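# Examining the three-dimensional arrangement
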2 protein chains.
Amino acid sequence: MFNIEKPTLLLNKQQCLANIRYMSEKAQRNYLEFRPHFKTHQSAEIGEWFRGFGVNKITVSSVTMAEYFAANNWTDITIAFPVNLREINSINYLAKSITLNLLVESVETVEFLNSNLDNKVNLFIKIDTGNNRTGVDSKNFNLISKIISKIDSAEKILFKGFLSHAGHTYKAISPEQIGAFHRQQISSLKNLKKLFRNASEEIILSIGDTPACTLEDYFEDIDEIRPGNFVFYDVMQYELSVCDTGVIAVCLACPVVAVHKNRQEIVVYGGAVHLSKETITDGFDRKYYGLVVKLNKGRWDMPLKDCYVKALSQEHGIIKMGEKEIQNINPGDIIGVLPIHSCLTANLMKQYLTLENEIITMMR
Amino acid sequence: MFNIEKPTLLLNKQQCLANIRYMSEKAQRNYLEFRPHFKTHQSAEIGEWFRGFGVNKITVSSVTMAEYFAANNWTDITIAFPVNLREINSINYLAKSITLNLLVESVETVEFLNSNLDNKVNLFIKIDTGNNRTGVDSKNFNLISKIISKIDSAEKILFKGFLSHAGHTYKAISPEQIGAFHRQQISSLKNLKKLFRNASEEIILSIGDTPACTLEDYFEDIDEIRPGNFVFYDVMQYELSVCDTGVIAVCLACPVVAVHKNRQEIVVYGGAVHLSKETITDGFDRKYYGLVVKLNKGRWDMPLKDCYVKALSQEHGIIKMGEKEIQNINPGDIIGVLPIHSCLTANLMKQYLTLENEIITMMR
């Protein structure tokens, strides 16, 4: 299979397209604007695949990423990250040519924008619905009210609505708990929409996480979804019971460089600088860095039982292998690793190789 | 301080030079060849600083890195990674123009090299002295003997000696234990040198880890040291009691984007794609992703007490802060983070900004 010399991030394009189709159809079925997060793939070319499903609005996680996709003809971009005041020049430059949607969570940031914006931007108030990372507490009506007033009095800022990211679904212990977090998030946002209904003609409610967007079918009063990871999925989503391993669309192909049958371990060229040090602890308290697959006739198989990436150094991966499996492994073979967190692996690898043997580039 | 808009990896060049001087003088004092590992900094320009201390032989962790440094006039390079058979073309190309030292741990790899090499290479047998990652068990005299015989019968391969990396010093619970692992490593290598003294005119013993090379002063019969991380050090070395935080030479400058006084947390632009997800658990069972410093008059201070990076998302860092410290922090400020693992942070950031405001580039 292919002429792989070094760690190479394989992309199953057909599966990736199926993942996009699934989420796109779900959005349509539920009358939701589909504004996918492009931080996972970070690729103009993969972005084009989304246009085939009618997508024309996207989400990114940095100003730099907004610049990259704006340069690739995306004209309506939400930067789902609190406004970084120090990038005001880039923000002004972007807002000149595209519809730019920003997130705020303080009065001070609105004041800063009001004083420093050259062009009009749309503003969402970031709401914390339990993730405790960023955002205004969904019960802090006083602060939300102050931010809205400040926006209203600002000339170049349009209040668009409330945006949240239920990142705590990634800590859920079951699909049922993901559902509970999701419903609680929707309830909090609905409440805000009702309370502040006079603040704008149309208040948009935007939510984002891949676990809930994949599993749930209740989106009452929600206007927009922004999932990102679903484009590839990964072992983390599998461990959360969000997906099966069959829908994972990326796999790191790694050359085998040493075989240690005595301790049932192989060493591959493929380490922390390829996979990232994202780790997961499964239900049996086993901490690991990836699942292991064999490559076969131009694609990868299901994960091997009793095999996992046990440790990562900068360039080395140590894979624990079943006694039978290891018998047929030799230096020079290629072994596949399904990444724990596909966003971080893609970010490190900087390009993809499709199963059709085409290179797909990413933002640098 | 500077005009920092985005996460920026600051480099204290004077401290970096002091770190190089320290290790270089230690090598000289102990009559050791100093062959520093360049995987930490991955920069041709920083490489030049080493030449000022008489260094003309280096270590790298991949064929790609060897190509980069060979292109920057390094003519004697050890690739401290098991030979990856799939890169034989690049290996042949490199061996044409430089002195190339490779690592093997199986008879099969020697056989492959013998059949496929166009030019002469030097070979070290990688010895496992307790790290259990790669290498032949230091007691497996039978396999070592077979590999040496195979090398002897190969035309283009010269047996150079035994090389080990006591990576298990990173799991030591005390400096005393680091010393114990170090002495045990030396004892194993000395034993091999004695046993196989007839295999070559000169058998080189090469060792590598920063913890032992920093702390220890006993190097009997060792010919060469290959530490890498010491060029910057990091919080991991600090937690191992290998160094004080004052010698850490890199620091990620991060814009503050949100302040949550109620839960004593700030959010910075600086996440897993900047710092890496390397984490450490300290003596109080606190898991964290970096220590926090203030930037002051063009340099950074000592780490703030009771402050640490609590969590990382793709672009976000969540910093826990003392009640007093957080009072003076505002969005738009810059906060410094000392990385847990400087090798991985540097690899992600791809360039440095010195405190003298000069950009230093790295391998891409």
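Residues numbered from 1 in each chain as written. Chains lettered and ligands numbered in written order. Predicted model: local features only at pLDDT ≥ 70, side-chain atom pairs only at ≥ 80, totals over all residues.

This part takes up the overall build of chain A. The helix and strand inventory of chain A stands at 12 helices and 21 strands. Compactness check: chain A gives a C-alpha radius of gyration of 22 Å against a globular reference of 21 Å for 364 residues, within 12% of the reference. Each principal axis of the C-alpha atoms in chain A carries an extent, and together these give about 70 × 40 × 35 Å. Considering chain A as a whole, with its 364 residues, one finds that 54% of them fall into the buried category. (Helix = DSSP H or I, 4+ residues; strand = E, 2+ residues; numbered from the N terminus. Rg over C-alpha atoms; globule rule 2.2 N^0.38 Å. Buried ≥ 20, exposed ≤ 12 C-beta atoms within 10 Å, placed from the backbone.)

Counting residues at the interface gives 42 residues for chain A, matched by 41 residues for chain B. Taken together, the elements giving at least two residues each to the side of chain A that touches chain B come down to strand 4 (76-82), helix 5 (107-116), strand 11 (250-260), strand 12 (265-269), helix 10 (272-275), strand 18 (316-320) and helix 12 (342-349) of chain A. (Contact = placed C-beta atoms within 7 Å.)

Before going further, it helps to spend a moment on unusual backbone geometry. Residue and element names in this part refer to chain A. Its identity is not glycine, yet Gln 42 carries a phi of approximately 50 degrees, on the positive side. Residue class for Gln 42 comes out buried when judged on the 22 C-beta atoms lying within 10 Å of it. In this structure, Asp 221 takes a positive phi of about 70 degrees despite not being glycine. Note on placement: Asp 221 falls in the loop between helix 8 (210-215) and strand 10 (224-225).

With that settled, the discussion passes to the relation of the copies chain A and chain B. The operation relating chain A to chain B is a screw motion whose rotation component is 180 degrees, with 0.0 Å of axial translation and a residual RMSD of 0.0 Å. In short, the pair behaves as if placed about a two-fold rotation axis. For chain A, the residue whose C-alpha comes nearest the rotation axis is Lys 277 of chain A, separated from it by 2.7 Å. When the interface residues of chain A are mapped onto chain B, 98% of them again lie at the interface, so the same face is used by both copies. (Least-squares fit on C-alpha atoms with pLDDT ≥ 70 in both.)

Let us now look at the environment of Asn 262 of chain B. Mapped onto the secondary structure, Asn 262 of chain B falls in the loop between strand 11 (250-260) and strand 12 (265-269). Each C-alpha atom, one on Asn 262 of chain B and one on Glu 323 of chain B, is 9.4 Å from the other, the two residues being 61 residues apart in sequence.

The two faces of the sheet receive side chains in turn, since in a regular strand these alternate between them. Residue and element names in this part refer to chain A. Counting buried positions along strand 6 (residues 121-128) yields seven of eight residues, so the element is predominantly enclosed. Note: strand 5 (residues 99-104) against strand 6, four bridges, orientation parallel. Across the sheet, residue Leu 102 finds its bridge partner in strand 6, namely Leu 123. As judged from the seven bridges shared by strand 6 and strand 8 (residues 157-164), these two strands associate in the parallel manner. The partner of Phe 124 across the bridge, within strand 8, is Gly 161. Both strand 6 and strand 7 (residues 136-137) contribute to a ladder of two bridges, which runs parallel. Bridge assignment links Ile 127 to a residue of strand 7, and that residue is Val 136. (Pairing = 2+ DSSP bridges.)

A word on the domain arrangement of chain A. Residue and element names in this part refer to chain A. In terms of domain boundaries, chain A breaks down into domain 1 (14-232) and domain 2 (243-361). The gap between the C-alpha centroids of domain 1 and domain 2 is 33 Å. Secondary-structure elements contributing two or more residues to the side of domain 1 that touches domain 2 are helix 1 (13-29) and helix 2 (44-51). (Domains from an automatic or database assignment.)

Time to look at the packing of helix 3 (residues 63-71) of chain A against helix 4 (residues 88-97) of chain A. All names here are of chain A. Put simply, helix 3 and helix 4 touch, their axes get as near as 10 Å, and they point 30 degrees apart. Judged by the angle between their axes, helix 3 and helix 4 are roughly parallel. The two elements helix 3 and helix 4 cross, and the hand of that crossing is left-handed. Facing Val 63, Ala 66, Glu 67 and Ala 70 of helix 3, the residues of helix 4 in contact are Ser 90, Ile 91, Leu 94 and Ser 97. Looking at the contact of helix 3 with helix 4 residue by residue, the class counts come to five nonpolar, two polar and one charged. (Axes fitted to C-alpha atoms, helices over the stretch in contact; angles between N-to-C directions. Parallel < 35°, antiparallel > 145°, perpendicular 65-115°, else oblique. Left-handed = near helix turned anticlockwise from the far one by under 90°. Nonpolar A, V, L, I, M, F, W, Y, C, P; charged D, E, K, R; others polar.)

All right, on to helix 1 of chain A then. Residues and elements named next belong to chain A. In this model helix 1 runs 24 Å from its N-terminal to its C-terminal C-alpha over 17 residues, within 8% of the 24 Å that 1.5 Å per residue would give. Taken together, the buried positions of helix 1 are Cys 16, Asn 19, Ile 20, Met 23 and Ala 27. For helix 1, the buried positions fall inside an angular range of 95 degrees around the axis, keeping them on one side. Those residues of helix 1 that are exposed and aimed more than 90 degrees away from the buried face are Ala 18, Glu 25, Gln 28 and Arg 29. (Expected span 1.5 Å × (residues − 1). Arc of directions from axis to C-beta.)

Further remarks concern the environment of Phe 162 of chain A. Residue and element names in this part refer to chain A. Looking at where Phe 162 falls in the secondary structure, it is placed in strand 8. A C-alpha to C-alpha distance of 9.0 Å links Phe 162 and Leu 123, two positions 39 residues apart in sequence. Once residues lying within four places of it in the same chain are set aside, the contact partners of Phe 162 are Phe 124, Ile 125, Ile 127, Leu 189, Leu 192, Lys 193, Ile 203 and Leu 205.

Residues and elements named next belong to chain A. With seven of eight residues buried, strand 8 lies mostly within the body of the structure. Of the strand pairs in this sheet, strand 8 and strand 9 (residues 204-207) are connected by three bridges, and their pairing is parallel. Note on strand 9: the bridge partner recorded for Gly 161 is Ile 204. Crossover connection from strand 8 via helix 7 (residues 175-195) to parallel strand 9: handedness right-handed. (Right-handed = clockwise from strand over helix to strand, strands pointing away.)

So, on to the packing of helix 5 (residues 107-116) of chain B against helix 6 (residues 141-152) of chain B. All names here are of chain B. Following both chains from N to C, one finds helix 5 and helix 6 inclined at 5 degrees, their axes separated by 9 Å at the closest point. Taken together, helix 5 and helix 6 sit at an angle that is classed as roughly parallel. Counted together, Val 107, Val 110 and Glu 111 of helix 5 and Lys 146, Ile 147, Lys 150 and Ile 151 of helix 6 form the full contact between these two elements. Residue composition of the contact of helix 5 with helix 6, grouped by class: four nonpolar, no polar and three charged.

With that settled, consider the environment of Val 107 of chain B. Mapped onto the secondary structure, Val 107 of chain B falls in helix 5. Leaving out residues up to four positions away in the same chain, Val 107 of chain B has contacts with Lys 146, Ile 147 and Lys 150 of chain B.

Attention shifts here to the confidence of the model for chain A. Mean pLDDT over chain A works out to 96, with 100% of the residues at or above the 70 mark. If you check the scores for this complex, the pTM reads 0.97 and the ipTM reads 0.96. (pLDDT = per-residue confidence, 0-100.)

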